[in-house]
Amino acid sequence: MRNAALTLGLIGGLIAMIIGFFGFGYTEVLRAHSEVGEIFGPVDNPQLLRTASFLAPLLAIAGGAMARARALWGGLMMLTAGALMYFAFGFGVFTMFPIGFCLIGGLLAVAAGQPDEPKVHF
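Residues numbered from 1 in each chain as written. Predicted model: local features only at pLDDT ≥ 70, side-chain atom pairs only at ≥ 80, totals over all residues. Heavy atoms only, no water.

## A few points about the side chain of Thr 95
Along the chain, Thr 95 falls in the loop between helix H4 (71–89) and helix H5 (96–111). Discounting residues that sit within four places of it in the chain, Thr 95 has contacts with Ile 19, Phe 89 and Gly 90. (Helix = DSSP H or I, 4+ residues; strand = E, 2+ residues; numbered from the N terminus. Contact = heavy atoms within 4.5 Å.)

Spelled out as structure tokens, the structure:
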């Protein structure tokens, strides 16, 4: 289960990184050229979008990498990344897979916490 959590966290983080590039880039374009917002739509909270564009992929990749050694910490990081992507970007055609990968990977990592090794999480 730890290997599956590692794989799902890395894949979800890489897809989230692509979404993050577009999200951060769109807020930069809106900041420089406000007329683009009139055509394609404004952003309600650009600071949330920028923060999530940076933190969500970082948490997903780091959580996936930590899933083998520290399953609880890695799982919580992946669950946080999935929730952050959902609140910042919403659930749509481009975000459903990274959100799903992060949430399922986080649940697998948390569930694999104790039975695999006698090592404690903290």
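## Observations concerning the UniProt feature "transmembrane region" (unreviewed entry) in the chain
The positions that UniProt labels "transmembrane region" (unreviewed entry) are, in the present scheme, residues 7–27, 47–67 and 79–112. Helix makes up 79% of residues 79–112 and strand 0%, whereas the separation of the span's terminal C-alpha atoms amounts to 14 Å. (UniProt positions renumbered as here; feature names shortened; annotations may be inferred.)

## With respect to the layout of surface pockets
The calculated volume of the largest pocket comes to roughly 180 Å³. Forming the walls of the largest pocket are Ile 19, Phe 22, Gly 23, Tyr 26, Leu 49, Ala 88, Phe 89, Gly 92, Val 93, Phe 94 and Thr 95. Going through the elements one at a time, helix H1 (2–32) and H4 are the ones with two or more residues in the lining of the largest pocket. Counting residues per element, the lining of the largest pocket draws most heavily on H1, at four residues. Taken together, the residues of the lining of the largest pocket break down into eight nonpolar, three polar and no charged. (1 Å grid on protein atoms, 1.4 Å probe; cavity = no way out; pocket = protein on both sides within 12 Å on 5 of 7 lines; lining within 4 Å. Points joined across faces, edges and corners; volume = space filled by probe spheres on them. Nonpolar A, V, L, I, M, F, W, Y, C, P; charged D, E, K, R; others polar.)

## Comments concerning the packing of H1 against helix H3 (residues 46–66)
Two elements in contact, H1 and H3, have axes separated by 7 Å at closest approach and are oriented at 160°. In terms of orientation, H1 lies roughly antiparallel with respect to H3. For the crossing formed where H1 meets H3, the hand is left-handed. The residue makeup of the contact of H1 with H3, split by class, is twelve nonpolar, seven polar and three charged. (Axes fitted to C-alpha atoms, helices over the stretch in contact; angles between N-to-C directions. Parallel < 35°, antiparallel > 145°, perpendicular 65-115°, else oblique. Left-handed = near helix turned anticlockwise from the far one by under 90°.)

## Quick word on the environment of Gly 9
Structurally, Gly 9 is set in helix H1. Judged by its relative accessible area of 0%, Gly 9 falls in the buried class. Taking C-alpha positions, Gly 9 is 5.8 Å from Gly 105, a pair spaced 96 residues apart along the chain. In this structure Gly 9 touches Ala 60, Ile 61, Gly 64 and Met 78, once residues within four positions along its chain are discounted. (Buried < 20%, exposed > 50% of the residue type's maximum accessible area, 1.4 Å probe, protein only.)

## Observations concerning the packing of H1 against H4
Running from N to C, H1 and H4 point in directions that differ by 30°, and their axes come no closer than 11 Å. Compared by their axis directions, H1 and H4 come out roughly parallel. The way H1 lies across H4 gives a crossing that is left-handed. The segment H1 lies against H4, with Arg 2, Ala 5, Gly 9, Ala 16, Ile 19, Gly 20 and Gly 23 engaging Ala 71, Met 78, Met 85 and Phe 89. A breakdown of the residues in the contact of H1 with H4 according to their chemical character gives seven nonpolar, three polar and one charged.

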